[in-house]
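Breakdown of the fold
Listed below are the residues making up each chain.
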Amino acid sequence: MSQSRFAAIILAAGEGTRLNSARPKVLHEIAGQSMIRHVIDVLRPFDPAVTIVVVGRDMDSVAQAVAPVPSVVQSPPRGTGDAVRAASPELAARLAQGGISDVVVLFGDTPLLRAETIAELLDTRRRAPQAAVAVAGMRPADPAPYGRLVLGDDGALLRIVEARDASVEERAIGLCNGGIMALDSRHAFDLVDRIGNDNAKREFYLTDIVAIARAQGLSCRVAELPAAELLGVNTRAELAAAEGLMQERLRRRAMEAGATLIAPETVFLASDTELGRDVVIEPNVVFGPGVRIADNVRIRSFSHLEGADIASGAIVGPFARLRPGAVLEADVHVGNFVEVKASRLGAGVKASHLSYLGDSDIGAGTNIGAGTITCNYDGFSKFRTVIGERAFIGSNTALVAPVTVGDGAYVATGSVVTSDVPADALTIARARQVDKPGRAAALRAQLKGKKG
Ligand code: UD1
Ligand code: MG
């Protein structure tokens, strides 16, 4: 992408009051990943010289979530201009070293932004003769809450006026401030230092930088960019809308990569879901973070997967649950009401019905009967179950971990296995059946007499 490098400042110190949440706004998730993480990820292809996140006081959780990306604290939050200024001490030394052409300011609550859009903003600023500031312009369906971009007759950007400070004529402008900006690094902090707070909210508005630059004889430009990507999440309704837009994008990407989604609108993907070619996802499947699926896998309806690695030829579901650490090797079948957690199922393993396989290692070709449970937890610690290759675990077996079942062993139905099973052994670990001829009839006669 762009040749010269930039410094990125991501603003995330706002209180996000309208979400009505105990959690900082930017930690709310879209497609299984926090909004701030989406913003950090979109910068990755540019390899920024430095990225700094501006957080508010009591936002250690945000600082932790973005680490190792450094953060600075803005306290109290006195506006977007003040937030950029809060990053300046951290950035000054790095800028002085040279090699940084732009300071790009992003918001932590715009998770839909794409790298191509940031590139367009940078190109707009750098186009000769270079401008001091390039602002992302957009034309949203409802411009009401946004700052408006005031252009001169020649199309140059004169100033930005916030909605609550705008005159009636200015409110009629449809071109709005999308929030992100690229600033010439040579002027950025000098201009930011000149921002005052003489406005309706007594805040230091970053948007004032445009008029300030103009007054210094510097030029400012607008890059008109897609409004859908600049959607800022301020309310729960906007969070849901952003989720919907992100899901559409992820489904389209999965289909372009060669996966069949029979009813795409019913499949929920995480931002890092990887689907191979000729994967078929049946309706109503949910992916949490960390799922990787190789080619030719079928995920049947109503399955829920997170942190799972699935090799080619596997069939999962319907109604299966794969939890973090589930590794399914080639051609594994995991059927209805089977839960797999932190377990490796070797090639060709079949666990077709009603089982819990947790903290286990199951060798290739083994058959897990209906109702098999690995009893991995004694209320204090977790233990592993190891099953060899080509073993047969009869229905309704409880494997009390830690326990090992050898290759080729055959465990009889209904067994409670508490000690290791040797390879190729037939193990029956249940009470022997006792038949008492005629006793049922006698019992019935006796009970009937009593009722008499
Ligand atoms: C801002 C713009 C507005 C634009 C809109 C686009 C200003 C003054 N206004 O308004 O022109 O149309 O975004 O969505 O810039 N933040 C801080 N510290 C603060 C205040 C805010 O870090 O003191 C952060 C917030 O966490 C957020 C971002 O800056 O990520 C934007 O703040 P927000 O309050 O959402 O600004 P808007 O009112 O939406
Ligand atoms: Mg906002």
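Anything mentioned here points back to the structure above.
The notes below deal with the structure included here.

How each quantity is defined
Residues numbered from 1 in each chain as written. Chains lettered and ligands numbered in written order. Predicted model: local features only at pLDDT ≥ 70, side-chain atom pairs only at ≥ 80, totals over all residues. Heavy atoms only, no water. Phe/Tyr/Trp six-rings, centres within 6.5 Å; stacked < 30°, edge-to-face > 60°. Helix = DSSP H or I, 4+ residues; strand = E, 2+ residues; numbered from the N terminus. Buried < 20%, exposed > 50% of the residue type's maximum accessible area, 1.4 Å probe, protein only. Lys NZ or Arg CZ within 6 Å of the ring centre and 35° of its normal. Near = heavy atom within 4 Å. Polar contact = N/O pair within 3.5 Å; in protein donor to acceptor, adjacent residues only side chain to side chain. Areas by Shrake-Rupley, 256 points an atom, 1.4 Å probe, with all protein chains shown as cover.

Glancing now at the packing of aromatic side chains. On inspection of all chains with the given rule, the structure shows 4 aromatic pairs. When the ring of F302 is compared with that of F319, the centres are 5.0 Å apart and the planes differ by 10 degrees; the resulting orientation is stacked. In this pair, F302 is assigned in the loop between β17 (298-299) and β18 (304-305) and F319 in the loop between β20 (315-316) and β21 (321-322), connecting sequence segments 17 residues apart. For F302, a relative accessible area of 45% corresponds to the partly exposed category. Owing to a relative accessible area of 36%, F319 belongs among the partly exposed residues under this scheme. On the basis of an interplanar angle of 15 degrees and a centroid distance of 5.2 Å, the ring pair of F319 and F337 is categorised as stacked. One end of the pair, F319, is in the loop between β20 and β21; the other, F337, is in strand β23 (residues 333-341), with 18 residues separating them in the sequence. Residue classification places F337 among the partly exposed residues on the basis of a relative accessible area of 48%. Taken together, the ring pairs connect F302, F319 and F337 into an aromatic cluster. One residue, K382, lies across the ring of Y377, its end atom 5.1 Å from the ring centre.

Let's shift gears to the site of ligand 1. Around ligand 1, 21 residues are found, and the nearest of them are Q74, G79, T80, E162 and N177. Contacts to ligand 1 include G14, whose backbone N or O atom sits 2.8 Å from an oxygen atom. Here an oxygen atom of ligand 1 sits 2.6 Å away from a polar atom, N or O, in the side chain of E162. Bound to the protein, ligand 1 loses 88% of the 760 Å² it would expose on its own. For the shell around ligand 1, the elements supplying multiple residues, two or more each, are β1 (5-12), α3 (80-86) and β10 (176-184).

Such coordinate-based values are descriptive only and should not be taken to indicate function.
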